[in-house]
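# Summary of structural features
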Amino acid sequence: MNALSPVLLYGRLIRFSHSIFALPFALSGAALAAAVTGIHPRQLLWIVAAMVAARSAAMGFNRIVDRRIDAANPRTAQRELVTGALSTGAAAAFVVLSSAVFVAAAWQLNPLCLALSPAALAVILGYSYTKRFTWASHLFLGASLGLAPLGAWIAVTGGFALPPVLLGLAVLAWVAGFDVLYACQDHDFDIGAGLHSIPARFGLAGALRLARLFHLLAVLLMAWVGLAAGLHLVYFAGVAAIAALLAWEHRLVKADDLTRVNTAFMTMNSLVSIAYFAFTLADLLIFGGAPRLLP
């Protein structure tokens, strides 16, 4: 085993590449806040650290909690805890360490972040149990990622405001929509295993309709963010581009053809998150509301 092998194993355990879904939205929340109050480089560093640590803890915990379910599902039977590539104890230590880094990062940011960090951990870790009792589990996952832009705003400003709350709700709806699409792959397995999901509860056709509704709501909320934050044409052009990306995503997935779910899940949603941050930052820079770096 070479020196990089443990790093790669833990990276696969938590699907580190999927960080691209939430991190740009956290940075968007930070940029919007920095346009109001300015931002210190150390704040940006600790926001990124908190985001990566929180997601790592959540994914590691999910793999531990779901290891027996994953073993029974052919789609997930090669995950690291199932095959024994990583032990449950090693994964648990990783979750504890990641959670500690998250709390430490919150402590470095401001007292409100530290006070809210246990509640944030409860949400992001608690999601892993929801598929056992509610088909709304996708909304809980959305809430977990929706905390990212709100948390980043609080980290910079030390308080709450309407734009990051709306952005958090937009992320919630966006994540719920694409998670419903992804869960369509496990429709038959979830029913057989007694697990709860929108595809298992409403069928594939009904799930696809609800996913479209979630994504429509996400676009509307993003537009509302622009109005609440006083953003301009570039931002709204970005929202229109995201609407087009989501429309194309839904063209890739059909109730009788799920072969392109992974393309819809990874490629399209990566583009959505990156596009949102890029257009938000561009609008702030072009129209005079540029985020200010403080000494």
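Further up the page is the structure itself.
Everything numeric here is computed off the predicted structure, so don't read it as measured data. Every chain is numbered independently, its residues counted from 1 as its sequence is written. In keeping with the model being predicted, local features are shown solely for residues with a pLDDT of at least 70 and side-chain atom pairs are shown and tallied solely at 80 or more, while totals for entire chains, interfaces and linings include all residues. As a convention, hydrogens and water are excluded, and side-chain values are obtained from all of the structure's heavy atoms.

Along the polypeptide, D190 turns up in helix α10 (residues 187–193). A simple rule labels every residue: compare its accessible area, found with a 1.4 Å probe on the protein chains alone, to the largest value its type can have, and call it buried under 20%, exposed over 50%, or partly exposed in between. Only four residue types enter the tally: Lys and Arg on the positive side, Asp and Glu on the negative side; His and the chain ends are excluded. Here, a salt bridge means any Lys or Arg side-chain nitrogen found within 4 Å of an Asp or Glu carboxyl oxygen. One buried charge, D190, has no salt-bridge partner; the nearest side chain with opposite charge is K131, at 6.8 Å. In what follows, a contact means two residues having at least one pair of non-hydrogen atoms within 4.5 Å. Once residues lying within four places of it in the same chain are set aside, the contact partners of D190 are L195, S197 and A200. We count a stretch as a helix when DSSP gives it H or I for four or more residues in a row; a strand needs E for two or more, and each element gets its number in order from the N terminus.

Here we come to the environment of A120. Residue position: A120 is located in helix α7 (residues 111–130). Given a relative accessible area of 18%, A120 falls into the buried group. Each C-alpha atom, one on A120 and one on L220, is 26 Å from the other, the two residues being 100 residues apart in sequence. Apart from the residues lying within four places of it in its own chain, the contact partners of A120 are F102 and L147.

Further remarks concern the packing of helix α2 (residues 23–37) against helix α13 (residues 261–286). Between N-to-C directions, angles cover 0 to 180 degrees, with each direction set by a line fitted to C-alpha atoms, over the stretch in contact for helices. Relative to each other, α2 and α13 sit at 15 degrees, their axes nearing to 8 Å. In terms of their interaxial angle, α2 and α13 are classed as roughly parallel. Considering the relative orientation of α2 and α13, their crossing is left-handed. Facing P24, F25, L27, S28, A31, L32 and A35 of α2, the residues of α13 in contact are S273, I274, Y276, F277, T280, L281 and L284. Residues are grouped as follows: Ala, Val, Leu, Ile, Met, Phe, Trp, Tyr, Cys and Pro are nonpolar; Asp, Glu, Lys and Arg are charged; all remaining types, including Gly, are polar. When its residues are assigned to classes, the contact of α2 with α13 shows 11 nonpolar, three polar and no charged. Between 65 and 115 degrees an angle is taken as roughly perpendicular, under 35 as roughly parallel, over 145 as roughly antiparallel, and anywhere else as oblique. Throughout, a crossing is termed right-handed when the near helix is turned clockwise from the far one, and left-handed when it is turned anticlockwise from it by less than a right angle.

Let us look at the packing of aromatic side chains. Aromatic rings from Phe, Tyr and Trp, taking only the six-membered ring of Trp, are treated as a pair when their centres fall within 6.5 Å; an angle between ring planes under 30 degrees marks them as stacked, one over 60 as edge-to-face, and anything in between as tilted. With the rule as written, the count across this model stands at seven aromatic pairs. Between F25 and W174, the aromatic rings sit 5.0 Å apart at their centres with planes inclined by 45 degrees, giving tilted as the arrangement. Of this pair, F25 sits in helix α2 while W174 sits in helix α9 (residues 162–183), placing them 149 residues apart in sequence. Residues F25 and W174 agree in their burial class; the two are buried.

Turning next to a nonpolar patch on the surface. Exposure above 30% relative accessible area and the absence of a salt bridge qualify a residue for a patch, where like charges join within 9 Å and nonpolar side chains (Val, Leu, Ile, Met, Phe, Trp, Tyr) within 5 Å. Accessibility throughout is a Shrake-Rupley quantity obtained with a 1.4 Å probe, and a residue counts as covered only by protein chains that appear here. Side chains of L233, L285, I286 and F287 sit close together on the surface and give an oily, nonpolar patch of about 440 Å² of accessible area. Position of L233 among the secondary structure elements: in helix α12 (residues 233–252). For L233, a relative accessible area of 66% gives the class exposed.

What follows covers the packing of helix α11 (residues 198–228) against α12. Between α11 and α12, the least distance of the axes is 10 Å, while the angle of their chain directions is 175 degrees. When the axes of α11 and α12 are compared, the pair comes out roughly antiparallel. Residues L208, A211, R212, H215, V219, M222, A223, V225, G226 and L227 of α11 lie in contact with α12, whose contacting residues are Y235, F236, V239, I242, A243, L246, E249 and H250. Here the contact of α11 with α12 is built from residues that sort into 13 nonpolar, three polar and two charged.

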